[in-house]
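Observations on the model geometry
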There are 2 protein chains.
Amino acid sequence: MRRDIFQAIADPTRRAIVALIALQAMTPNAIANNFHTTRQAISKHLRILTECELVKQDYKGREIYYSLEIQKMKEIDKWLEQYRKIWENRFNELDKILITIKRKKK
Amino acid sequence: MRRDIFQAIADPTRRAIVALIALQAMTPNAIANNFHTTRQAISKHLRILTECELVKQDYKGREIYYSLEIQKMKEIDKWLEQYRKIWENRFNELDKILITIKRKKK
DNA sequence: TATAAGTGCAACTATTCGGTTTCGAAATTT
DNA sequence: AAATTTCGAAACCGAATAGTTGCACTTATA
């Protein structure tokens, strides 16, 4: 069973769940109320998100509150870092060209 | 056919392809040489990457060079932005606590 | 204590996905 | 012109996935 964060966020429903619980913890029922699907389907998504540690559970009596493990999101940011360098370089090169054009106009 | 960038980078082989062609354009054969799979399988991945515009094609005779559309990567960065704000806030709050502890020590 | 509410888990189904094999088209080389 | 190279597309297969339904467990409430 392959469970990594990239696979977890590939599903649009899971991205919506992540956005929903980013700021406040929610129970599966409360989350499911925001979607046109069953609670069990949401439960499955929550399981996947929990398995890759993107989401954590807090037991309160018979309710389970799910909340985002924001630290895990940094992994995506870390992966993106290598590409950020590339697009920033391209931007700088474009910048140089624009400066050269400006100079020529003077 | 659902083709978005998040689904595109969900597959580890596709992430590897992206990393491979990030700095230099490559042909399908050249790319496939880096993996333990057939050229056709790589070709399928390239098709998915092309369909979601993460990769572009340049025809040179009978060869097709694939290269990364670095601009598209910014979409992930943009999506990540809302969460970056959250983890930076958490960090700042931690910072405040640390400063408070330091003051008490004095 | 009996009932209701909140939840996870297993079984099942339809669909999607990653991969291989086979084929044909287009460009290059001999 | 014939053979070779580079490549995409279609057909097919096994595995994974998202969803539904049904059920059992735990906790709260009447």
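Residues numbered from 1 in each chain as written. Chains lettered and ligands numbered in written order. Predicted model: local features only at pLDDT ≥ 70, side-chain atom pairs only at ≥ 80, totals over all residues. Heavy atoms only, no water.

Considerations on the protein's contact with DNA strand C
Near DNA strand C, the surroundings consist of 24 residues, among which Tyr66 of chain A together with Gln7, Thr38, Lys44 and His45 of chain B are the closest. The separation between a base oxygen of DNA strand C and a polar side-chain atom of Lys44 of chain B is 2.3 Å. Within the side chain of His45 of chain B, a nitrogen or oxygen atom sits 2.3 Å from a phosphate oxygen of DNA strand C. Of all the elements in the fold, those that place two or more residues in the surface near DNA strand C are helix 3 (28-32), helix 4 (39-51) and strand 2 (63-68) of chain A together with helix 4 (39-51) of chain B. Ranked by residues supplied to the surface near DNA strand C, first place goes to helix 4 of chain B with five residues. (Near = heavy atom within 4 Å. Polar contact = N/O pair within 3.5 Å; in protein donor to acceptor, adjacent residues only side chain to side chain. Helix = DSSP H or I, 4+ residues; strand = E, 2+ residues; numbered from the N terminus.)

Considering the relation of the copies chain B and chain A
Mapping chain B onto chain A is achieved by rotating through 180 degrees and translating by 0.0 Å along the same axis, at an RMSD of 0.1 Å. Expressed as a symmetry operation, the mapping of one chain copy onto the other fits a two-fold axis. Of every C-alpha in chain B, the one belonging to Ala10 of chain B sits nearest the axis of rotation, 2.9 Å from it. A shared binding surface is used by both copies, with 100% of the interface residues of chain B retained as interface residues in chain A. (Least-squares fit on C-alpha atoms with pLDDT ≥ 70 in both. Contact = heavy atoms within 4.5 Å.)

Concerning the pairing of strand 2 of chain A
Residue and element names in this part refer to chain A. In terms of strand pairing, strand 1 (residues 55-60) meets strand 2 through six bridges, oriented antiparallel. Its bridge partner being in strand 2, Tyr59 is matched across the sheet by Ile64. Joining the antiparallel neighbours strand 1 and strand 2 is a turn of two residues, in which Gly61 adopts a positive phi near 65 degrees. (Pairing = 2+ DSSP bridges.)

Considerations on the side chain of His45 of chain A
Note that His45 of chain A resides in helix 4. Residues contacting His45 of chain A, with those up to four places away along its chain left out, are Asp11, Thr13, Arg14 and Ile17 of chain A.

Overview of the interface of chain B and chain A
Counting residues at the interface gives 25 residues for chain B and 25 residues for chain A. Note on chain B versus chain A: buried area summed over both sides is about 2500 Å², and carbon and sulfur give 72% of it. When the buried surface of chain B facing chain A is broken down by residue, Ile70, Tyr83 and Trp87 of chain B rank first, second and third, together holding 24% of it. For the salt bridge of Asp77 of chain A with Arg84 of chain B, the shortest nitrogen-to-oxygen distance reads 2.6 Å. In this structure, the connection of chain B to chain A is made through four residue pairs in polar contact (both at pLDDT 80 or more). (Buried area = accessible area lost by both parts, 1.4 Å probe. Salt bridge = Lys/Arg side-chain N within 4 Å of Asp/Glu carboxyl O.)

Describing the protein's contact with DNA strand D
Surrounding DNA strand D, one finds 23 residues, the nearest of these being Gln7, Thr38, Lys44 and His45 of chain A together with Tyr66 of chain B. Near the protein, within 4 Å, the atoms of DNA strand D are sugar or phosphate in 63% of cases. Gln40 of chain A is positioned with one of its side-chain polar atoms (N or O) 3.1 Å from a base oxygen of DNA strand D. The set of elements that each furnish at least two residues to the surface near DNA strand D consists of helix 4 of chain A together with helix 3 (28-32), helix 4 and strand 2 (63-68) of chain B. Top contributing element to the surface near DNA strand D by residue count: helix 4 of chain A, with five residues. When its residues are assigned to classes, the surface near DNA strand D shows five nonpolar, ten polar and eight charged. (Nonpolar A, V, L, I, M, F, W, Y, C, P; charged D, E, K, R; others polar.)

Some thoughts on the packing of helix 2 (residues 12-20) of chain A against helix 4 of chain A
Residues and elements named next belong to chain A. Running from N to C, helix 2 and helix 4 point in directions that differ by 75 degrees, and their axes come no closer than 10 Å. Judged on the interaxial angle alone, helix 4 and helix 2 are roughly perpendicular. Seen from helix 2, the contacting residues are Thr13, Arg14, Ile17 and Val18; seen from helix 4, they are Ile42, His45, Leu46, Ile48 and Leu49. (Axes fitted to C-alpha atoms, helices over the stretch in contact; angles between N-to-C directions. Parallel < 35°, antiparallel > 145°, perpendicular 65-115°, else oblique.)

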